[in-house]
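The primary structure of each chain is shown beneath.
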Amino acid sequence: MAAKVAIIYYSATGSVHALAEAIAEGAASTGAEVRLRRVAELAPDSAIDQNPQWRRHADAAASITEASVEDLAWADAFAFGTPTRFGGPAAQLKQFIDQAGGLWREGRLADKPVTAFTSAFNRHGGNEATILSLGNVFYHWGALIVPTGFTDPAVAAAGGNPYGTSLVTDPSAGEGAATLEAARYQGRRLAQITIRLLGGADARGVLVGTTSRETS
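Parameters at a glance
- Residues numbered from 1 in each chain as written.
- Predicted model: local features only at pLDDT ≥ 70, side-chain atom pairs only at ≥ 80, totals over all residues.
- Heavy atoms only, no water.
- Helix = DSSP H or I, 4+ residues; strand = E, 2+ residues; numbered from the N terminus.
- Buried < 20%, exposed > 50% of the residue type's maximum accessible area, 1.4 Å probe, protein only.
- Contact = heavy atoms within 4.5 Å.
- Salt bridge = Lys/Arg side-chain N within 4 Å of Asp/Glu carboxyl O.
- Polar contact = N/O pair within 3.5 Å; in protein donor to acceptor, adjacent residues only side chain to side chain.
- Phe/Tyr/Trp six-rings, centres within 6.5 Å; stacked < 30°, edge-to-face > 60°.
- Lys NZ or Arg CZ within 6 Å of the ring centre and 35° of its normal.

Novice: Could you clarify how one ought to interpret the side chain of Ser 119 in this entry?
Specialist: Residue position: Ser 119 is located in strand E5 (residues 113–120). For Ser 119, a relative accessible area of 6% translates into the label buried. When near neighbours in sequence (up to four residues on either side) are disregarded, Ser 119 contacts Ser 15, Val 16, Thr 82, Pro 83, Thr 84, Asn 127, Leu 167 and Thr 169.

Below, the structure written as structure tokens:
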């Protein structure tokens, strides 16, 4: 049984977009069906034009399908990504989440695995706080939070954030490639846990969560 994973994110200059693509790759490697979706931009063109990186990414990402509430209804699992804004998610992602009230009232977001990822320029720029603040939403939904934990060497290699992948965009940090690998792992872990909950098998045909003796 293939899991359906929705990766919904906001990215201004492209850092979170890169993480979202890596998470999509990781999820797809398990045989999951993946939707990569960007949320609507709320900032005016006048603000975007003041930052050349923001303008370049906005133009480059225009072809990516915009997220809708239907993507949440479709998915078996979610991954949400955002840059940190003073220790919380960007307004663009929060505005999208605020549209999910109808699905929440119907109980259609409950019991679905969910994970989060983020980026900031500085190592202590609010990455962990941003992921934890998104957790408050997931608690209300009754979703099943899937952290990275220290469950794979890729997590420590990327700086050791057990809550979810976080990219330090300061070039001097030198963690870009390692962080993308951690994001691939996060997407794979989310999909594998979702497959287990659905009672299915991963891309190798192995029932996720069984031992080699049970599958021999």
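Novice: Mind showing me how you'd approach the pattern of salt bridges here?
Specialist: Once their charged atoms are close, side chains differing in charge can pair, the charge on each being opposite to the other. Counting across every chain of the model gives 11 salt bridges. With a closest N to O distance of 2.8 Å, Arg 184 and Glu 25 form a salt bridge. Note that Arg 184 is positioned in helix H9 (residues 176–198) and Glu 25 in helix H1 (residues 15–28), a separation of 159 residues in sequence. Here Glu 25 falls in the partly exposed class, since its relative accessible area comes to 44%. For Glu 70, the salt bridge goes to Arg 35, with nearest N and O atoms at 2.8 Å. Here Glu 70 is found in helix H4 (residues 69–74), whereas its partner Arg 35 is found in strand E2 (residues 33–38), with 35 residues between them in sequence. Look at the salt bridges and you will find they share partners, linking Arg 35, Arg 37, Glu 70 and Asp 71 into a network.

Novice: Would you take a moment to explain the environment of Arg 35 for this structure?
Specialist: Judged by relative accessible area, which is 18%, Arg 35 ranks as buried. Arg 35 sits 28 residues away from Ile 7 along the chain, and the two C-alpha atoms are 6.0 Å apart. Among all residues touching Arg 35, those that are not within four sequence positions of it are Val 5, Ala 6, Ile 7, Glu 70, Asp 71 and Trp 74. Reaching out from Arg 35, the side chain makes a polar contact with the side chain of Glu 70 at a distance of 2.8 Å.

Novice: Would you mind going over the packing of aromatic side chains with me for this structure?
Specialist: Any pair of aromatic rings gets described here by the distance separating the centres and the angle formed by the planes. Going through the model one piece at a time under the given rule, you end up with five aromatic pairs. Seen in terms of ring centroids, Phe 80 and Trp 141 are 5.9 Å apart; in terms of plane orientation they differ by 65 degrees. Their pairing is edge-to-face. Of this pair, Phe 80 sits in strand E3 (residues 77–85) while Trp 141 sits in helix H7 (residues 127–141), and the two are 61 residues apart along the sequence. Among the residues examined, Phe 80 registers a relative accessible area of 0% and is labelled buried. Aromatic pair Phe 138 and Trp 141: ring centres 6.0 Å apart, planes at 50 degrees, arrangement tilted. Of this pair, Phe 138 and Trp 141 both sit in helix H7, three residues apart, roughly one helical turn. Summarising the burial analysis for this pair, Phe 138 and Trp 141 share the class buried. Feature note: the residues Phe 78, Phe 80, Phe 138 and Trp 141 constitute an aromatic cluster, connected by ring pairs. The ring of Trp 74 is capped by Arg 35, whose NZ or CZ atom sits 4.0 Å from the centre of that ring.

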